[in-house]
Amino acid sequence: PKGVAFQAPNMYFGCNTIYLNKLKSGNFIAHQLSQGRINTSPQLKKGPIMQNPKIETFQDLVVWQKAHGLLQQIYQKTIKFPKKELAGIVPQIREAAIQIPINIAIGFKKRSKKAKVHYYRSALDSIEEIRYLIILADDLGFYKDALETLEEFEIIEKMLKRLIRSNISQRD
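Model, not experiment: these values are computed from the prediction. (Residues numbered from 1 in each chain as written. Predicted model: local features only at pLDDT ≥ 70, side-chain atom pairs only at ≥ 80, totals over all residues. Heavy atoms only, no water.)

*Asks:* Is there a simple way to think about the side chain of Gln 65 in this case?
*Replies:* Its place among the elements puts Gln 65 in helix H2 (residues 62-79). Judged by its relative accessible area of 0%, Gln 65 is buried. From its side chain, Gln 65 meets the backbone oxygen of Gln 59 in a polar contact 3.0 Å long. (Helix = DSSP H or I, 4+ residues; strand = E, 2+ residues; numbered from the N terminus. Buried < 20%, exposed > 50% of the residue type's maximum accessible area, 1.4 Å probe, protein only. Polar contact = N/O pair within 3.5 Å; in protein donor to acceptor, adjacent residues only side chain to side chain.)

Structure follows, in C-alpha cells:
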C-alpha cells in the first residue's frame, strides 16, 4: 500500500562494516531491490551496495538513498505531532530533512569538485539543523524514537564526510 515503508532486514549499505538491522526507506529502495540493484547478502564484509559499481545518477549514491529513506520516515513521524505544531516545528523539521537529499542530488550533478563539495557541505549543515530540531521535538515529547533517528543521521553524516574527502582528494 502507498505510504507504507518497505522493510529490508539485515541489509548491508556498503560503508565499511556498518550493518543495519532494519531500514524503512520507502518505495525507491523497494524498486531498487526488485531490479536487483541492491546487494542484500549478509555475507559481505566490505564493498559497494550496488552490484554494478558504476554510479550514473544521484539515486545510485548510497548516501542519497539513506537520506531519502530517512526523509520519508520523518514525514511519517511528524504526521503524528500535535496539530498546533503543524505550523510550528513540523515545517522546520521537514525543510531541514528535505534539504539533505536535495543537496546531495545537486552536488552529484555539479562538474567541479569545489561545487560538489559545497553542496555536500550544505547537506551536512542541514543534518546539524535537523539534529537540533529532533532533540527539541523529543524534549517537548513529540518525537518518538529520536535516538534511532539521530543515529541514522550520524551514519549519513559519516558517509557525506567520506564523499567530501574523496572529492577533495581528487583533482578537477
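*Asks:* Sorry if this is basic, but what is going on with the pattern of salt bridges here?
*Replies:* Applying the stated criterion across every chain yields a total of six salt bridges. A salt bridge links Glu 157 to Arg 131; the nearest nitrogen and oxygen atoms lie 2.9 Å apart. Taken together, the residues span a long stretch of sequence, with Glu 157 in helix H5 (residues 146-169) and Arg 131 in helix H4 (residues 113-139) at a distance of 26 residues. We classify Glu 157 as buried; its relative accessible area is 15%. For Arg 131, a relative accessible area of 17% translates into the label buried. Residues joined in a network through salt bridges with shared partners are Glu 128, Arg 131, Glu 157 and Lys 161. (Salt bridge = Lys/Arg side-chain N within 4 Å of Asp/Glu carboxyl O.)

*Asks:* Honestly, H4 in this entry has me stumped. Any pointers?
*Replies:* Residues lying three or four places apart along an α-helix face the same way, a consequence of the helix completing one turn every 3.6 residues. For H4, spanning 27 residues, the distance from its first C-alpha to its last is 39 Å, which sits close to the expected 39 Å at 1.5 Å a residue. Immediately beyond the C-terminal end of H4, within one or two residues, lies Gly 141, with a positive phi of roughly 85°. (Expected span 1.5 Å × (residues − 1).)

*Asks:* Looking at this structure, I do not really get the environment of Leu 71. What am I missing?
*Replies:* The residue Leu 71 is located in helix H2 in this model. For the pair formed by Leu 71 and Ala 97, sequence separation is 26 residues and the distance between their alpha carbons is 5.7 Å.

*Asks:* Help me out: how do you make sense of the packing of H2 against H5 in this one?
*Replies:* The relative placement of two packed helices is expressed as an angle between their axes plus a distance between the axes. At a minimum axis separation of 10 Å, H2 and H5 run at an interaxial angle of 155°. Judged on the interaxial angle alone, H5 and H2 are roughly antiparallel. For H2 against H5, the interelement crossing comes out left-handed. Facing Val 62, Val 63, Lys 66, Ala 67, Leu 70, Ile 74 and Lys 77 of H2, the residues of H5 in contact are Thr 149, Glu 152, Phe 153, Ile 155, Ile 156, Met 159, Leu 160 and Leu 163. When the residues that make up the contact of H2 with H5 are grouped by side-chain class, the tally is 11 nonpolar, one polar and three charged. (Axes fitted to C-alpha atoms, helices over the stretch in contact; angles between N-to-C directions. Parallel < 35°, antiparallel > 145°, perpendicular 65-115°, else oblique. Left-handed = near helix turned anticlockwise from the far one by under 90°. Contact = heavy atoms within 4.5 Å. Nonpolar A, V, L, I, M, F, W, Y, C, P; charged D, E, K, R; others polar.)

*Asks:* Even after reading the chapter, I still don't get the nonpolar core, so can you show me in this structure?
*Replies:* The nonpolar side chains of a soluble globular protein tend to be buried with one another. Within the largest apolar cluster, 38 residues are counted, with the highest numbers of intra-cluster contacts made by Ile 100, Ile 104, Ile 130, Phe 153, Ile 156 and Leu 160. For this core, the elements supplying multiple residues, two or more each, are H2, helix H3 (89-109), H4 and H5. If we skip the residues at most four places from it in the chain, Ile 100 touches Ala 67, Ala 123, Ser 126, Ile 127, Ile 130, Phe 153 and Ile 156. (Core = buried A, V, L, I, M, F, W, Y, C linked by side-chain atoms within 4.5 Å.)

*Asks:* I keep staring at the packing of aromatic side chains and nothing clicks. Help me out?
*Replies:* The description of an aromatic ring pair uses the distance of the two centres, along with the angle that the planes make with each other. This structure, assessed with the given rule, holds three aromatic pairs. For the ring pair Phe 58 and Trp 64, a centre distance of 5.1 Å and an interplane angle of 75° mean the geometry is edge-to-face. What makes Phe 58 partly exposed here is its relative accessible area of 27%. In this structure Trp 64 comes out as buried when scored by relative accessible area, which is 7%. Between Phe 81 and Tyr 143, the ring centres sit 6.2 Å apart and the planes meet at 90°, which makes this aromatic pair edge-to-face. (Phe/Tyr/Trp six-rings, centres within 6.5 Å; stacked < 30°, edge-to-face > 60°.)

*Asks:* I keep staring at the packing of H2 against H3 and nothing clicks. Help me out?
*Replies:* In the contact formed by H2 and H3, the axes pass within 9 Å of each other and the chain directions differ by 165°. Considered as vectors, H2 and H3 are oriented roughly antiparallel to each other. In the packing of H2 onto H3, the handedness of the crossing is left-handed. Facing H2, whose interface residues are Val 63, Trp 64, Ala 67, His 68, Leu 71, Ile 74, Tyr 75, Thr 78 and Ile 79, H3 presents Val 90, Ile 93, Arg 94, Ala 97, Ile 98, Ile 100, Pro 101, Ile 104 and Ala 105. When grouped by side-chain class, the residues that make up the contact of H2 with H3 number 15 nonpolar, two polar and one charged.

Shape descriptors only; they carry no functional weight alone.
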